[in-house]
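Here is how the chains run, residue by residue.
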Amino acid sequence: MEKTVTLSCGSRMPLVGLGCWQSPPEQVTQAVEAALDAGYRHIDTAYNYLNEEAVGAGLRNWLAKTGKNRSEVFVVTKLPMIGMHEGGVEKFLKRSLKKLQLDYVDLYLVHGPVGLIGKDEDDVFPVVDGKLNVDFGTDLIAVWKEMEKVKALGLTRSIGVSNFTIPQLRKICAVAKVKPSVHQIELNAHFQQHDMQELCKSHNVAITAYAPLGSPGRKNLSGCTMLEDPVVRLVAERHGVSSAQVLLRFLVQQGIIAIPKSVTPSRIVANNDVWKFALSDTEMAALKSLDKGPEGRTFVFATRPGLADHPECPH
Ligand SMILES: NC(=O)c1ccc[n+]([C@@H]2O[C@H](COP(=O)([O-])OP(=O)(O)OC[C@H]3O[C@@H](n4cnc5c(N)ncnc54)[C@H](OP(=O)(O)O)[C@@H]3O)[C@@H](O)[C@H]2O)c1
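(A) Up close: the site of the ligand. Around the ligand sit 30 residues in total, of which G19, Y210, G217, A244 and K261 are the nearest. If you tally residues by element for the shell around the ligand, the top one is helix α9 (residues 265–271), at three residues. Considering only residue class, the shell around the ligand consists of 14 nonpolar, 12 polar and four charged.

(B) Just the pairing of strand β6 (residues 105–110), in detail. In terms of burial, β6 is largely enclosed, as six of its six residues are buried. Across four bridges, strand β5 (residues 74–79) lies against β6 in parallel orientation. Each bridged residue has a counterpart across the sheet, and for L79 the counterpart in β6 is V110. One crossover worth recording links β5 to the parallel β6 by way of helix α3 (residues 88–100), and it is right-handed.

(C) Representation of the packing of helix α2 (residues 52–66) against α3 within the structure. Closest axis-to-axis distance for the α2/α3 pair is 7 Å, and the angle between their directions is 50°. When the axes of α2 and α3 are compared, the pair comes out oblique. Contacts from E52, E53, V55 and G56 of α2 reach α3 at S96, K99 and L100. Taken together, the residues that form the contact of α2 with α3 break down as two nonpolar, two polar and three charged.

(D) Representation of the environment of D123. Tracing the backbone through its elements, the reader meets D123 in the loop between β6 and β7 (127–128). A tally of 14 C-beta atoms within 10 Å means that D123 is categorised as partly exposed. Through-space distance from the C-alpha of D123 to that of K145 is 24 Å; in sequence the pair is 22 residues apart. Those residues in contact with D123, other than ones at most four positions away along the chain, are I82 and G118.

(E) Region of interest: the pairing of strand β10 (residues 182–186). Across the five residues of β10, five count as buried, placing the element largely inside the fold. With three bridges connecting them, strand β9 (residues 156–162) and β10 associate as parallel partners. Looking at β10, one finds that V161 is bridged to H183. Handedness of the crossover is the feature at issue here: the chain leaves β9, passes through helix α5 (residues 166–175), returns alongside β10, and the resulting connection is right-handed. In terms of handedness, the path from β10 via helix α6 (residues 194–202) over to strand β11 (residues 206–210) forms a crossover that is right-handed.

(F) The arrangement of the nonpolar core in detail. Grouped together as the largest cluster of nonpolar side chains are 87 residues, with contacts concentrated most on I43 and A258. Among the elements that line this core, the one with the most residues is helix α8 (residues 243–252), at seven residues. Residue contacts for I43: discarding those within four places in its chain leaves G17, L18, C20, V32, A35, V55, L59, V73, V75 and V76.

(G) View of α3. Look at α3: 18 Å from first C-alpha to last across 13 residues, which is about the 18 Å you get at 1.5 Å a residue. Looking at the buried residues of α3, the elements they touch are α2, β5, β6, α4 (140–152) and β9. Positioned one or two residues after α3, Q101 has a phi angle of 55°, which is positive.

(H) Seen up close, the environment of P113. Relative to the elements of secondary structure, P113 occurs in the loop between β6 and β7. Residue P113 is classed as buried on the basis of its C-beta count, with 25 C-beta atoms lying within 10 Å. Remark: the alpha-carbon pair of P113 and N133, spanning 20 residues in sequence, is separated by 14 Å. Beyond its immediate chain neighbours, meaning those up to four positions away, P113 contacts L140, N163, F164, Q168, E312 and P314.

(I) Just α8, in detail. Across the 10 residues of α8, 10 count as buried, placing the element largely inside the fold. Looking at α8, one finds that the buried residues are S243, A244, Q245, V246, L247, L248, R249, F250, L251 and V252. Here the buried face of α8 lies against β11, α7 (230–239), β12 (257–258), α9 and α10 (281–288).

(J) Representation of the sheet that holds strand β4 (residues 42–44) within the structure. Strand order in the open sheet formed by eight strands is β3-β4-β5-β6-β9-β10-β11-β12, and the pairing between neighbours is parallel. Each of the sheet's edge strands pairs with one partner strand only, and the pair in question is β3 (18–19) and β12. Relative to β4, β3 runs parallel, the two sharing two bridges. In the strand pairing of β4, G19 is matched with D44.

(K) Just the packing of α3 against α4, in detail. For the pair α3 and α4, interaxial distance at closest approach is 8 Å and the crossing angle is 50°. With respect to each other, α3 and α4 are oriented oblique. Residue-level inspection shows V89, E90 and L93 of α3 in contact with α4, the latter providing V143, E146, M147, K149 and V150. When the residues that make up the contact of α3 with α4 are grouped by side-chain class, the tally is five nonpolar, no polar and three charged.

Basis of the calculations
Residues numbered from 1 in each chain as written. Predicted model: local features only at pLDDT ≥ 70, side-chain atom pairs only at ≥ 80, totals over all residues. Near = placed C-beta within 6 Å. Helix = DSSP H or I, 4+ residues; strand = E, 2+ residues; numbered from the N terminus. Nonpolar A, V, L, I, M, F, W, Y, C, P; charged D, E, K, R; others polar. Buried ≥ 20, exposed ≤ 12 C-beta atoms within 10 Å, placed from the backbone. Pairing = 2+ DSSP bridges. Right-handed = clockwise from strand over helix to strand, strands pointing away. Axes fitted to C-alpha atoms, helices over the stretch in contact; angles between N-to-C directions. Parallel < 35°, antiparallel > 145°, perpendicular 65-115°, else oblique. Contact = placed C-beta atoms within 7 Å. Core = buried A, V, L, I, M, F, W, Y, C linked by C-beta atoms within 7 Å. Expected span 1.5 Å × (residues − 1).

So, in structure tokens, the structure goes:
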């Protein structure tokens with residue numbers, strides 16, 4: 001099967017990418033190199049992850065080592081919530097490019113629909129009196145117009161959003177001159193978001209699934225058992241692969257982009273080794289039946305003190 005999807009803007013985006021959230025700078029440089037060595041051509045980071053310099057170093061090392069061209073790797077980063085104000089998009093994208101040591105990224109995403117007010121550019125999750133310092137003036141349409149501008153400037157090849165609700169995505173698509181090419185959302189076998197999938201399909205917006213393995217390494221995450229699910233295990237045994245490979249194949253076989261995070265070399269290799277087997281219709285149906293609906297969501301904005309007060313808080 002194809003290992004890429006063609007975005008509405010014409011770019012080709014690899015279906016598997018390396019996630020970099022919670023990858024410490026001292027580990028992520030090697031993780032990026034290991035991923036590129038293993039055949040990945042897509043790296044997902046964000047200004048908020050505070051590791052863009054180290055991600056850029058991994059990419060640069062690999063390009064120097066292999067003599068390959070920068071254009072072979074699809075690099076994604078994201079607008080921090082403290083950049084959701086007038087002039088913020090170009091300013092923060094240029095900061096990301098400087099950290100990554102790149103002239104352009106392949107995809108720039110609005111990380112979330114809620115603006116925050118930071119005391120400076122490093123204050124990515126500003127807290128005042130125990131609550132995140134939300135910007136009640138967040139104007140999603142104005143932010144999107146700035147996203148269109150940075151695309152026109154050539155600072156990014158494509159633009160998209162992340163963590164938007166159905167009404168928020170509809171609103172952007174209704175007014176956009178350039179529609180989002182990608183929506184990055186939590187999506188996995190336990191939380192399949194079929195309504196969002198339908199909406200994205202109708203607007204030709206590709207989906208990137210974050211937490212494709214259920215984000216098992218996340219602190220304070222109770223009950224994330226997807227890798228141990230008996231159905232997933234059974235399917236894995238039948239194909240002689242791991243549960244993680246089944247969960248990733250389940251996504252890419254539906255044309256959904258998946259960005260498993262790992263800093264473990266053997267897992268990095270295995271997570272991109274999902275092309276030599278295919279899930280049958282019966283196996284796909286069994287995995288689809290694992291959907292828990294809204295209860296399957298584990299990334300909930302409103303649990304962060306202060307965010308629930310914001311009118312655009314997505315969930
Ligand atoms: N847009 C957003 O708001 C948003 C939110 C969350 C995540 N993301 C993006 O999506 C990426 C993926 O999400 P995620 O990091 O939350 O979750 P994930 O990719 O589902 O899970 C990552 C965890 O699984 C472990 N792991 C990786 N491969 C494994 C394997 N084959 N077997 C067993 N365990 C394995 C990793 O450990 P080791 O590293 O120790 O191997 C890590 O603890 C992020 O890194 C980030 O780039 C975006």
